[in-house]
Amino acid sequence: MKKLFVLCAVMSLSSSLFADCGSDKCSDVLVEDIKMSASGDLIFTTSGDESRLPCDLVEGNAIRVVKTVPAFQEFYAMLISAQKSESMVNVRIDEFSESYQCELLELTANP
């Protein structure tokens, strides 16, 4: 039983060591903070290093989900679900957004 516990602990630690951001995505990250801006957009942070993304972060460290995105409600539901269940996600941003801000393009839940 101790071996199983140690194995699970090591696997959990090792997966967080590989979580990172770069290029146009953050892979294998946890959703940390989620908030709604006054404009109605969602703003969230992850366990990854968002400063490595090629766009302007909201408030210096966050990714935006613009309220006019057709999948806004689905993104919001997935972010809340991932945060509450402490599930890893992959986040891809739109590095060519007109605002140059880090805007969510795709969100994938990891099994």
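For the structure, check the block above.
Residues numbered from 1 in each chain as written. Predicted model: local features only at pLDDT ≥ 70, side-chain atom pairs only at ≥ 80, totals over all residues. Heavy atoms only, no water.

Focus on the state of the cysteines
Argument step 1. Considering all chains together, one arrives at two disulfides under this definition.
Argument step 2. Note that Cys 21 is cross-linked by a disulfide to Cys 26, the S-S spacing being 2.0 Å. The S-S bond linking Cys 21 to Cys 26 shows a torsion near 105°; that makes this disulfide right-handed. Cys 26 carries the same exposure label as Cys 21, and that label is buried.
Argument step 3. Residue pairing for Cys 55: its cysteine sulfur links by disulfide to Cys 102, the two sulfurs lying 1.8 Å apart. Residues Cys 55 and Cys 102 are joined through a disulfide that is right-handed, its torsion about the S-S bond being 100°. In this pair, Cys 55 is assigned in the loop between strand S4 (42-46) and strand S5 (63-65) and Cys 102 in the loop between strand S6 (89-94) and strand S7 (103-109), connecting sequence segments 47 residues apart.
Argument step 4. Residue classification places Cys 55 among the buried positions, given a relative accessible area of 14%. (Disulfide = S-S within 2.5 Å. Buried < 20%, exposed > 50% of the residue type's maximum accessible area, 1.4 Å probe, protein only. Helix = DSSP H or I, 4+ residues; strand = E, 2+ residues; numbered from the N terminus.)

A few points about the nonpolar core
Argument step 1. Among the nonpolar cores identified, the biggest contains 22 residues, and Leu 53, Ile 63, Val 65, Val 91 and Leu 104 are the most heavily contacted of them.
Argument step 2. Among the secondary structure elements, those contributing two or more residues to this core are strand S2 (25-29), S4, S5, helix H2 (72-85), S6 and S7.
Argument step 3. If you tally residues by element for this core, the top one is H2, at four residues.
Argument step 4. Beyond its immediate stretch of four places on either side in the chain, Leu 53 contacts Cys 21, Gly 22, Ser 23, Asp 24, Lys 25, Cys 26, Ile 63, Ile 93 and Cys 102. (Core = buried A, V, L, I, M, F, W, Y, C linked by side-chain atoms within 4.5 Å. Contact = heavy atoms within 4.5 Å.)

Worth remembering: the numbers are spatial, not functional.
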